[in-house]
Each structure stands twice: as structure tokens, then as C-alpha cells.
Amino acid sequence: MPEIKVTPLGAGQDVGRSCILVSIGGKNIMLDCGMHMGYNDDRRFPDFSYITQNGRLTDFLDCLIISHFHLDHCGALPYMSEMVGYDGPIYMTHPTKAICPILLEDFRKITVDKKGETNFFTSQMIKDCMKKVIPLNLHQTVQVDDELEIKAYYAGHVLGAAMVHIKVGSESVVYTGDYNMTPDRHLGAAWIDKCRPDILISESTYATTIRDSKRCRERDFLKKVHESIERGGKVLIPVFALGRAQELCILLETFWERMNLKAPIYFSTGLTEKANHYYKLFITWTNQKIRKTFVQRNMFEFKHIKAFDRSYADNPGPMVVFATPGMLHAGQSLQIFKKWAGNEKNMVIMPGYCVQGTIGHKILNGQRKLEMEGRATLDVKLQVEYMSFSAHADAKGIMQLIRMAEPRNMLLVHGEAVKMEFLKGKIEQEFSIDCYMPANGETTTVTTNPSVPVDISLNLLKREMALGGPLPDPKKPRTMHGTLIMKENSLKLVSSEQALKELGLNEHQLRFTCHVQLQDPHSDADTLHRIYTHLKSVLKGYTIQHLPDGTVIVESIVIKVSSSAEDSNTKVLLLSWSYQEVLNILKRSK
Amino acid sequence: MKLYCLSGHPTLPCNVLKFKSTTIMLDCGLDTTSVLNFLPLPLVHSPRLSKLPGWVSKDGTINLEKELKECAGRVFVDAQPEFCLPERELLDLSTIDVILISNYHCMMALPYITEHTGFTGTVYATEPTLQIGRLLMEELVNFMERVPKAQSATSWKNKEIQRMLPGPLKDAVDKELFGAVQVSPLSSGYSLGSSNWIIQSHHEKVSYVSGSSLLTTHPQPMDQSSLKNSDVLILTGLTQMPTANPDGMLGEFCSNLAMTIRAGGNVLVPCYSSGVIYDLLECLYQFIESANLGTTPFYFISPIANSSLEFSQIFAEWLCHNKQTKVYLPEPPFPHAELIQTNKLKHYPSIHGDFSSEFRQPCVVFTGHPSLRFGDVVHFMELWGKSSLNTIIFTEPDFSYLDALAPYQPLAMKCVYCPIDTRLNFHQVSKLLKEVQPLHVVCPEQYTQPPLTQSHRSDLMLELQPPPMPYRRCSVLNLPFRRRYERIYILPELANSLVPSEIKPGVSVATVSALLHSKDNKHTLQSVPKPPPMPPSKKRKRVIEEPPVALAPKPMLSGAVALEAFLATLQKHGITEVKVEETADGHILHLQAEDTLIQLEEDGTHIVCDSEPLRTTLRDLVLRFLQKL
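From a predicted model like this one, the values you see are computed outputs, not experimental measurements.

### Here's the deal with the overall build of chain A
Alright, step 1. Along chain A, the regular secondary structure elements total 16 helices and 30 strands.
Alright, step 2. The C-alpha atoms of chain A give a radius of gyration of 36 Å, which is well past the 25 Å a tight globule of 590 residues would have.
Alright, step 3. Dimensions along the principal axes, computed over C-alpha positions, put chain A at roughly 135 × 55 × 45 Å.
Alright, step 4. Scored against the burial criterion, the 590 residues of chain A give a buried share of 56%.
Alright, step 5. Residue pairs at least 24 apart in sequence account for 69% of intrachain contacts in chain A once pairs closer than 6 positions are excluded.
Alright, step 6. Carbon and sulfur atoms make up 49% of the accessible area of chain A, which totals about 25,500 Å².
Alright, step 7. Within chain A, one finds 71 positive and 66 negative side-chain charges whose respective centroids are separated by 7 Å.

### Comments concerning the interface of chain A and chain B
Alright, step 1. Facing 78 residues of chain A, the contacting portion of chain B comprises 84 residues.
Alright, step 2. When the area that chain A buries against chain B is broken down by residue, the three leading residues are A:L281, A:H508 and A:Y579, summing to 12%.
Alright, step 3. Put simply, chain A and chain B have 1 salt bridge between them.
Alright, step 4. Between A:D455 and B:R487 there is a salt bridge, with its nearest N and O atoms 3.1 Å apart.
Alright, step 5. Taken together, the connections running from chain A to chain B amount to 30 residue pairs in polar contact (both at pLDDT 80 or more).
Alright, step 6. Within the side of chain A that touches chain B, the residues separate by chemical class into 39 nonpolar, 23 polar and 16 charged.
Alright, step 7. Here 5 bridges tie strand 26 (residues 509–519) of chain A to strand 31 (residues 604–608) of chain B, and the two strands are oriented parallel to one another. The partner of A:F512 across the bridge, within strand 31 of chain B, is B:I607.

### Some thoughts on the confidence of the model for chain B
Alright, step 1. Per-residue confidence for chain B averages 87 on the pLDDT scale, and 92% of its residues sit at or above 70.
Alright, step 2. A low-confidence stretch, residues 152–167 of chain B (pLDDT under 50), is modelled with 42 contacts involving residues beyond four sequence positions or located in other chains.

### Section: the pattern of salt bridges
Two side chains with opposite charge may pair up if their charged atoms get near one another.
Alright, step 1. In this structure the tally under the stated criterion is 37 salt bridges over all chains.
Alright, step 2. The salt bridge partner of A:K369 is A:D379, with a shortest N-O separation of 2.6 Å. Linking A:K369 in strand 17 (residues 369–371) with A:D379 in strand 18 (residues 377–379), this pair joins segments that are 10 residues apart in sequence.
Alright, step 3. For the salt bridge of B:R48 with B:E382, the shortest nitrogen-to-oxygen distance reads 3.4 Å. One end of the pair, B:R48, is in helix 1 (residues 47–50); the other, B:E382, is in helix 11 (residues 377–384), with 334 residues separating them in the sequence.
Alright, step 4. A relative accessible area of 31% places B:R48 in the partly exposed class.
Alright, step 5. Exposure remark for B:E382: the relative accessible area of 19% places this residue in the buried category.
Alright, step 6. Look at the salt bridges and you will find they share partners, linking A:R56, A:E82, A:D87 and A:K132 into a network.

Conventions used here
- Residues numbered from 1 in each chain as written.
- Chains lettered and ligands numbered in written order.
- Predicted model: local features only at pLDDT ≥ 70, side-chain atom pairs only at ≥ 80, totals over all residues.
- Heavy atoms only, no water.
- Helix = DSSP H or I, 4+ residues; strand = E, 2+ residues; numbered from the N terminus.
- Rg over C-alpha atoms; globule rule 2.2 N^0.38 Å.
- Buried < 20%, exposed > 50% of the residue type's maximum accessible area, 1.4 Å probe, protein only.
- Contact = heavy atoms within 4.5 Å.
- Areas by Shrake-Rupley, 256 points an atom, 1.4 Å probe, with all protein chains shown as cover.
- Lys, Arg positive; Asp, Glu negative; His and termini not counted.
- Charge placed at Lys NZ, Arg CZ, Asp CG, Glu CD.
- Buried area = accessible area lost by both parts, 1.4 Å probe.
- Salt bridge = Lys/Arg side-chain N within 4 Å of Asp/Glu carboxyl O.
- Polar contact = N/O pair within 3.5 Å; in protein donor to acceptor, adjacent residues only side chain to side chain.
- Nonpolar A, V, L, I, M, F, W, Y, C, P; charged D, E, K, R; others polar.
- Pairing = 2+ DSSP bridges.
- pLDDT = per-residue confidence, 0-100.

And the structure:
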């Protein structure tokens, strides 16, 4: 039985360093190649030695697919391709290809230049790695080789995020990457065909959450920001440069416009300007509303949001600052946080998920004293708010995607074990399909039962279809008979006659003859005629012929009558039929 | 498989392909050359045009002076221009399942097909084709509507276009139609988002090649290799200017432009609002500094000028490699963004409004329509036509420039004809066809003979072996296609139950008896279920007269029964008394003890036996020697 194997090297019952190996139909595919933000040591990257102990990965992988530009999905890419060694194809969408190297370079700078790590990938490695990237268009089937094909679908989540459908023969797997089933202010909702994959590998960040309406969350967010500003506080919103940042900027921009607010909004790092440019140039990847109106008003040209300078942090008065990175684990957001943490008028709003080990995660769990580098402790007095703005599907969204794609099996990654367990139960209950949640390094094997594609001769097919009337009727299946010819790699189904012809064989006729005696006083001809009439009445639906040469023919059966030499009342019936005859006339005529 | 040809214009095709129970329209071009027979529609009152004499036949018997006017020695229709639509009577257009569009120039007749024929299908086009095509239609409607003519033509109802872009217009991707055929767009390199189409099933492949280009301009390069192994290749949209080299024309365009400006004249470039204009602007961007034209204003006037320029920047996926790389930086892929930013290029929706106050001369104006019959260009013809300092440079190849200029004669303005047509020329297409080797080529009849004006140029036609099948407007071609196989899926349970036997080295056969399911044009075979036990019927007994459930038929047999080996087998089964008699075709075996005859021949065996058990035994023995199919 064919099997599909799935092994997470990262993101197995965990969030971070997404990296999943899939073996399908003899092909090995790596899905994502991320880093873990919670670690600064070896555990930062997936353990590629699982694939091979020594040497390069090229021989072991047919392709690598990156779902989107977040570092927990692509952060290990240059390490994997340039330091471990991989020269095969790397697939990602155009926006991911554009943005990914910038975030990698940013990540490299923080790690090497600020933290002083050595033995890390270099700028040149990022460039070399990106040269191996082949861009993917949405919904376009890409033939990786003769057997393996991949197709990308829109995933929402961030600009350029994609789900991929991986297909070998009639077996297939869908990997969702991170996705969002509800459209937001700048992105559309994820969508996929009813492609019925053997396995759907889904993220499960919010496996147990069913979020309240987005509008409520937005209102809460604006209310909190507004209140804080009103009492003269400073609001820090740690974000990643691309993604939620644009969403929240659009939200604040429209709010400021409507309320005619004057407090400054700043966006940190030089990435901003650039980031917004990407959104303008890849506007086809945003939601319909933005795409429709971009000629008149480009939503990514902000009037109220200005670039941040480090010195502004000490300015008096209220302000809102978007700063990177989003989990307060390093960089500018952490610096500002340290500055503002002591004042209870200030506020930090965490708009997304925080990985374990990061400061973001700690303060969200209510920790009010933080140990900083060099034994210093930091008292957290400012308000800490959490608002789930990260564009992940919640439990409802995950179920919705399952209904869309109709997978035969489900496999959860990119989530916490406890939460996964809960969702797994729900999925198994609601859809009666198996749901797996392998840990890192653990292999899930799913046996598939693929149909065998065969080429059927059109003559044969048409002949069989014609039997069921002019139009095919799904409710009325017809029995068909034919010969399957297996030659090299081709499978052809033809009629037996055609099979003989194609193989250059002669038909061998096998016939049988036997004699049956019966008593009948009539003449030979009359006896034959009586037999004919009797058969006619008994065997409806068969062709029965009475030929002038003194034979009766039923299908392939030939019947002749002669009188016995001794007794003219004893008639001898000569019956002759072929091997292929279906009608068992001997038994019936008794 | 049939092809219905609804348009006779080779570069504005409209064909309908019937293929495996699907009806697919390939492109929907609107032939606009007919507008050259009409008088221009001026934007502001033109005394010259309004005072033209009516036309009366020489003997005065036919008087159509209200409708026909004489102008510059030619007769023109004084009415709203009419276009030449695709043929609508050749087949029932409501039966069309899908329309595939290859580029934005080839979709202008869509409203006529989708709105008034009962069409209920879907139109597929790539995203840029869809967006820019929509803009060009809006522009055309705008040109017509802002200068209403009292006399309106019968076939051109411009309101139609407004409601236009049919609802079910879809972004093109690989699509499966009714489970029967797969259609996929391939980049064709001609314009932003332009595509050729592959229409294929598991066993047949039709390639539809429309406007394609191998030149490196802004669009994504043409995908040639995917056209390989086509059974039929439908070839349309070759260059209309086979003798003009686009690069040379571009050079001439620049030098004429510079010359005129330096002499203090204005340059008028009648053009479409999307397409070559992007390349012209890019060329000028590089050229203006070196030609010292840095201060000359460039104007682009069209109701869709702004949209066209903006849209061109957002389709990175559909651009050539260099432009894609710029987007990754991120920078706008086209340099006209910079021209606009530095105020060198300005765009206006029309000559009215801001333009009239900001307009400075000498200048360069890009505006439509290239037929010179409507659009803002008409105004500039009236304005600049009288001065020999000015130059009009024709770059679009769709209209004869002499015909376009006819109603403006006499003209003092200089005329330069630099048609830029990047579509495939005959040399390129021969090379392409040699490489992709389609079994059959179908093309407009114009491509099978040299152009009328250059009848000696046998290089300006398609010469292929076998010769291409030519079509003209209203042709119905039977495409030489013999479908022999179809894809069917054997369900795993059935597949496991099959017993293959090797017939020849490397060739095995298995007989299959199965249930055939056909749904959505997909066929599957599954095992025949065992008949359920008859429920005990309480009703009165009835002779079941239906034919019995067909048992799996016995396979056909092949091979021959070897005499010696067969005798040995008989012996093993206790049949020893066998008298062998030789006949003309084989042998007759007389099994004396059993009173049974077996006739063995090359292509047949006949067992004459009255005892059923023995007959069965003998049958099984004979079958051992034969192959079952």
C-alpha cells in the first residue's frame, strides 16, 4: 500500500521554526524552513541532521516550499541552503520572494552585529540562497518534475502568504502555512478548492480560541489607545514590520482621521517606508476593496503616521509607537519598552502571539518583574494589554477550511500540544477523519489507497455508455468487460477483440457439442419447431433464430434435431455452444 | 472536434472550438477598421467638418447627403461609427461554456456576446488582461458618449458596454472545465498579462496561439516549450507589419520626435492607452536627457490615463525579469513613475479642465484613438494639422495611416509612420513551429499567401508540411482529430482483485469486469458487488422473467493446443486410449473409452462429449494451454 509520511522537524506541537518533511509517492518535500524566536542556541534552527548526518541535503529533497515571509517560516533558509547545503528548487510567491531577504538581513544584523554571534549566515549567503528561489503564482500548477506538481492558494495571514497543494499521481497533501479565514482591513480570506487531499497539514495557533467579532476587537483596541492618549500616556505596539503593522496602521489612520486626533503616531525602523512600498506594488495580493480603489486612494499612503526617531521616545506628551520586533525579544520595541515600563500611565498592546521565552510572553503571563541582562531587574508598571490581531485562523476557521478542502486525514502543526489535543478531538468527532499531531522528529504514516489511472479505449467506453442510454446516469452504473493490457508503464483498457488485435494474437475458438435424447413423436422439423416455440416463450430477451437449414440458434448455441436410427420417436438433439456462452441452456431446458 | 471562425481579422480573432462536449470561444476581437469610413467626432465644434457637402451620385438619382459627406475627395459616413462584430449566426452563442481571452486587445466585442445572446458561461482572462481590458472598454465608451451624434448607427449601442464587463469574469488560472478538459494560460510575451491557451484532456492537446512576442519588452517572456506535443495548434495574431523592425521603428520615433521639438513644433502620438505606450515612455525616459529634451512637457490624455499608468505598476508577476527585480527592491517597475514624479510626464482625463490651463507648447501628446476618428486626438488634429512645424507619429499598426488621415486632408503637419508591432513575424513563427512540432496547424487564410501588396514575398507566408488548414470568416473546420483513449480510474479494491498474466515478455493482461460509473465526465470502475440474498418474497410466486444478472463473461482465448503436450496431460488424468487422426487443419482425437471426440486445430478446439463432468475436465485441460484475454 502506498504511504505518505509526515515528519515535523519544527512546529510539531510547538510554535516556531516551522519545518515539515513530507514523503509522498517517492518524493521528499520540505515545507517551510523557519527559526525559533524563543531560543538563541542550536535549537533556534530545525535539526537538519535528521535528514542526513553528513553532507548536503540536495540529494534527499526534491523541493522546498516556503509559505510566507515570517521568520518562523523562513528564518533558517540561508542556513539550510548555504551552510548545510541545498541546491534544489525553493518555491515561494513573488511577495515572499521580495520581502523574505529583507527580513533575513534584518535578523542577521540583530544576531551578528548587535549580539556579536559568529558562525551565522552572511549577507552573501542570503543573496545566494535567494537565487535558488523560483516564484510561484497563485492557482498556477507548477511541475517540479515529471511527477511532482504544486499549486499555491491564497492564505490571507500576511502579504504573499500561500497554502500549497502538493500532488504526485493521485496522492496529495495540502500544507496551509499560516492562514486566516476572515478578511481583514487589508487582506482577503484564505480559499482553497475542494481538492480532497490525503492529508491536510494545518496550523493550529488558535486551536481552542473562537474569537469574538473582529469589529469588537477593533473597537476595544481603539478605545484603549484613545483612553491612554487622553490621559497623556504613551502607547507601545510591538509589531513585525510587515503584516499586522499595516493592518493596525490602517485602523489607527482611519480612526485619527475620523476623531481628528492630534497625538503623533510613529512607526519605527527604516523598514516602514519600504514595507509600505511593497504593499503598494503587490496590491493585487491585498483585499478586494483596496485593490478596487487603489488608483484613487492608496491605503498604504498614511497621512498621520510618521517615521520614528530614537530620540522621540523621551518626548513629553502622548504618542503611539509601532516598533519592531513583535514579541519584545530584541531590537527597538524592547528598548522603548524598557524606557516606558516604569510609568503606569503608559501602555503596551501586544497585538499577536508571543513565543515562549520572549519578554512578550512573560508579561502577557502577568510577570511584573523581569530579569534583564546583567542581573538588572525591570519593574513593569505600565498597562499590558493583549489583543489578538494576528491573522491566524481560529478553531472555527480551521473547521471551515476542512469543510472546504475535504481531506481524508488531518495533521496539526504550529500550535501548543494541549490545545491541539482539544482540536483533534473536535475534528475527529465532527468529520470522522483521523487527526494526527506528531511531535518534532516523530513520523506520522498515512496509508493511501489511490485509484489507478488507466487509458480506456473510447470505443469500449462509448459502447458501454450507450447501453445505459444516451446520457450517463450516475445512479445507473453499468457493468463493463474488457481487457487490461499492461505494457511498460502504460495501462490500457480495451475490448477483448481489440486486445487480441493489438497484441497480434489469433483468437482460439473453443466449442463443445453434446447429444441429448428425448421422446417426441413428431417429425424432425416439427420437433425443432416445437423446441423453437418453447425456447421463445421461456427465454425472453435472448436472440433466438430458426434458420431454414434446420437449425435453431440461441445466442451462440446451435441446436439440431435428428431421429434416432432405431426409433423414429426418439429424437437426438445436437447441441453445440462456444466457451464464451453465458446462457446455461442445458440446465434450463430440463 | 470543430472550429467555427467568427472573425476574418487575423489579429482580432474570434473562434469557437467544440472539444469533448465543451464549447469554448477563443478570443472575442472587435474589428474597428470599419470606423475609417466615418467622419471624425470632434470634441469641440468644427466648422470645417460641419460644413462638408453631402454626397449625391453624379446623375443625381441617389441622394444621401444627410448621411454621406464628401471630404478631401473621399466619401464618409456622417454618423456614430460602427464596428464589425464577430459573426453571430454561425452557431448558437448561448451554448458557449467559456470564453478564453488572450490579451486585452482581443476582448472588445465581449459585451455583444455576453449580454444579448443568452450566454451563461464564464469568461476567463488573466488579471492584468481583465483589468486593462476593462479600462480600454470604458475609454471607448467614454469617447463615444461625450460627443453624441444625432444619427446613431444601428449596431453599435454603446450603453451595452457600460454595463459591460460580464459578471462571471474570472481571473485565469489552470482550470478544469466540466471534468472534461483542462485549460491553462501560458505567457505570450505580447502585452501585460497576455497569454496563449492550452486546452487539453489526458490524451488530446490543442494550443491556441494569439498575439505573441519574442522581443524583450515589458511583459513576461513567451512560454514556448509548453506548446510542444500539440495535436492542433491554432495560430492567430501574427505581426501586421512583417517588414517593419520594431527596434528600428523605435529609433525613428525618437529621432523624429526630437527633431520636431527642437524645431519648435509639437508631436502628436495617436496610441492606445495601454501597451506600446509603456515602452515608448520608457524609451523616452532614457532618451530625453541625452537629447536635451528635459524641459519638454509630455502629456498623456485619456479618460483612463491615470488608471493605465497605475495598473501597469502592480502586476509584477506578469512582467519581464528585469522589471520583477525592480519590484523586489521595492521600486516601481516602470520608469514612468519617475517621469510623473519629476513632472516631466503629466496625465489628464481629457483636454477639458486642468489640461487647457496647464498646457504648454512645444510638447508631446500621447492620446487616442489611433483611428483618428474619435477621442481627444481629433482635437489635436484640428489644432496642429495646419502647421508644418508639427509632426504626427503613428506607432499603432492597426490602421492604415493614409486612411486615418484622409478626412484631415489637406494637411500641412508632417506625418511619420513608425508602426511598432512586436508580435511574431513569419520567420519567428516558422522557427517556433519547427521546435514545438504540432501535428496540425490552423490559421487565418491571410497567412497562407503573401500579402496582396507584396505578392512576390513568398517569405511573408506560412509554409508548412503538412500545409496549414486555412480559415476565413464563417468557416467551419473539422479538425483532424482522432480521439482514441479516455482516462478512467480503477478503484483500489478492484485493482487489487485483478489477476494479470504475462502474455509476452513485458506485456501482461488481465480481464476486467466491473461497474462503470460516469459522473461529471469522470469515469471510474469499481468491483461488481455480490448480489444481495433475495429477500423472501411474501407476494405470490412469480416466474422471474427478467434476464438473469449477467455473469462475468468468459474471456476470449488465444494460442493453440500442442498435440503432444495435450496427450501427455490427458494421460496424466487417466485418459490413455486415444486414437489420433490427422486432418487437413489439425488432428482429431478419439477418446475411445469415453466415446468422446476432440478436434484440435490451429485456431479452434471442439469437444464433442455427452458427459458433463468429463466435458468440464477436458475444458479445463484445454484451457491450460490457452491464454485468456
